[in-house]
Amino acid sequence: MNEADSVRMHALLGDEGMLACKCPEEADVILVNGCTVRDKARHKAISAIGGYAALRRDRGAMRPVIGLGGCVGQLEKDAVFKRIPELDFVFGTDTIDQLPLLVKNALAGLRRQVMTDFDADPAYSTMTRISGVPGVRAYVNIMKGCNKHCSFCIVPQTRGPEKSRSMDEIIGDVASLVSRGVREVTLLGQNVNSYGRPGKNENFPGLLRAIDADPRCLLLKRIRFTSSHPWDFSEELIGCYAPPARGGVSRLAWHLHLPVQSGSDRILSLMGRDHEISDYVRKMDLLRGINPEVGVSTDLIVGFPGETEQDFRATEALLDRVGFDSIFAFAYSQRPGTRAAGMNDDVPQSGKLRRLGLLLARQEAISSQRYATRIGREMEILVEGCAKNSGLAAARGLRAAVWSGRTTCNRVVNFMSGAGTEDLKDRFVLVSITGATGLSLQGEMIRVTS
Ligand code: SF4
């Protein structure tokens, strides 16, 4: 979400004639779009501002203006001026479109502006803004805010209550991006599965089907979405994952990220998650029954207040039972302002890290097994760029280029193209899978498909 917000900020300021520069030393305007999902991220944003404040002092009359936005701006409001008096303005998650005005005022010398009110309009209407040529992948906000109350989460306070855009507006937005060359959209929201305006006959599966059927979206190849809550992950949505010949949504990527957070119902209850493990597992079984090719990933927190060894073992058992393709696991840390911050953080840090290590090792073994089943297959990849680890070719004494991309089921594939081939970034290519680890697949390119 923050990444999409940054893209929007870039486009809004681009419309005012501003250009991105390579380093803060060259900048006239410095913006920090801060995340608060964990307290560490919030501290990072604040200390980054502190660093830029020092730069501001050093540059004397040529000093840049500095703004703080995102969830950190939304939460901090004017309190942050006490800590960082050099800061010029603070804006929130609902006031991004006011950024050109804030910057203009700050450049004219107006200090300590604060714009962090939530939009009082119950309707949510917007257009995706991307400056220049958008590339082949783009984010599209379909809803914002969250009506859930997970005890560890600050998001309902930083993003406000749920509001959904109209279906027509979203489809028009996607169609416009497709006409500009976008081939993969990620539909965004805090809980996209609960998409739909009150009193309207709208829901998320309906939106997916409407995008899929719109003739203006014919060239779109993949629809992804994030994030989801298990409570709202309906059987109707599971049906969208069926192969197209069996009534599925043809452009829906075969990947699902469904955060479960813990394998213990007792801990889920303390987390205020409103779902139970038996229901989560039932839905995963249904999904795999409809389409076993769908890649599934999840989020997990270990060491939540009150988590016993027995609770942790239930989480380990869940990994074995579901067989996730990948997990994003974290050791619990208190987030001030949440209900969980008032609970007794009774699992020692060493215990949290031990559990985290055990969980990650267990998952790596599961991922390795699941990934190995792909060896020998041909898979279509959307290339994201050069592989981080380009040792694949070198290890074989080859001088071919090594690229990295993702399958429809969101598996990372590092693959070799022939020496001297064209730039493959943002292209779809067919790859023969030749190897697998617990983190990625390896392969060799067969041909460019589009
Ligand atoms: S559903 Fe997600 S965004 Fe909403 S409160 Fe829970 S963790 Fe936070």
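Residues numbered from 1 in each chain as written. Predicted model: local features only at pLDDT ≥ 70, side-chain atom pairs only at ≥ 80, totals over all residues. Heavy atoms only, no water.

1. Structural notes on the overall build of the chain
When helices and strands are counted, the chain shows 14 helices and 17 strands. Whereas a compact globule of 450 residues would reach a radius of gyration of roughly 22 Å, the chain reaches 23 Å, a difference of no more than 12%. Seen along its three principal axes, the alpha-carbon backbone of the chain occupies a region of about 65 × 55 × 55 Å. Residue burial in the chain is summarised as follows: out of 450 residues, 52% are buried. Pairs at least 24 residues apart make up 72% of the contacts formed inside the chain by residues separated by at least 6 positions. Split by element, the accessible area of the chain, about 20100 Å² in all, is 53% carbon and sulfur. When the 58 basic and 52 acidic side-chain charges of the chain are each reduced to a single mean position, those positions are 2 Å apart. (Helix = DSSP H or I, 4+ residues; strand = E, 2+ residues; numbered from the N terminus. Rg over C-alpha atoms; globule rule 2.2 N^0.38 Å. Buried < 20%, exposed > 50% of the residue type's maximum accessible area, 1.4 Å probe, protein only. Contact = heavy atoms within 4.5 Å. Areas by Shrake-Rupley, 256 points an atom, 1.4 Å probe, with all protein chains shown as cover. Lys, Arg positive; Asp, Glu negative; His and termini not counted. Charge placed at Lys NZ, Arg CZ, Asp CG, Glu CD.)

2. Considering the pairing of strand E17 (residues 441–448)
Each regular strand displays side chains that alternate between the two surfaces of the sheet. Judged from the four bridges that link them, strand E15 (residues 412–416) and E17 form a sheet pairing that is parallel. Counterpart to Asn414 in the pairing with E17 is Gln442. With antiparallel pairing between neighbouring strands as the criterion, strand E16 (residues 428–436) and E17 make up a hairpin whose turn holds four residues. (Pairing = 2+ DSSP bridges.)

3. A closer look at the domain arrangement of the chain
Partitioning the chain into domains gives domain 1 (2–115), domain 2 (137–372) and domain 3 (378–448). The gap between the C-alpha centroids of domain 1 and domain 3 is 38 Å. (Domains from an automatic or database assignment.)

4. Observations regarding the site of the ligand
As a matter of local geometry, the ligand sits amid Cys146, Lys148, Cys150, Phe152, Cys153, Val155, Pro156, His229 and Arg273. Here the shell around the ligand is built from residues that sort into six nonpolar, one polar and two charged. (Near = heavy atom within 4 Å. Nonpolar A, V, L, I, M, F, W, Y, C, P; charged D, E, K, R; others polar.)

5. Side note on the sheet that holds strand E4 (residues 113–115)
If you walk across this open sheet you meet the four strands as E1-E2-E3-E4, and the pairing is parallel. Edge positions in the sheet fall to strand E1 (29–34) and E4, since each has one partner strand and no second. Direction aside, the axes of adjacent strands within the sheet are offset by 15° on average. Two elements, strand E3 (residues 89–91) and E4, share three bridges in a ladder whose sense is parallel. Within the sheet, the bridge partner assigned to Phe91 lies in E4 and is Met115. Most of the contacts of helix H5 (residues 99–107) go to E3, to which it runs at about 175°, and overall it touches E1, strand E2 (65–69), E3 and E4. (Axes fitted to C-alpha atoms, helices over the stretch in contact; angles between N-to-C directions.)

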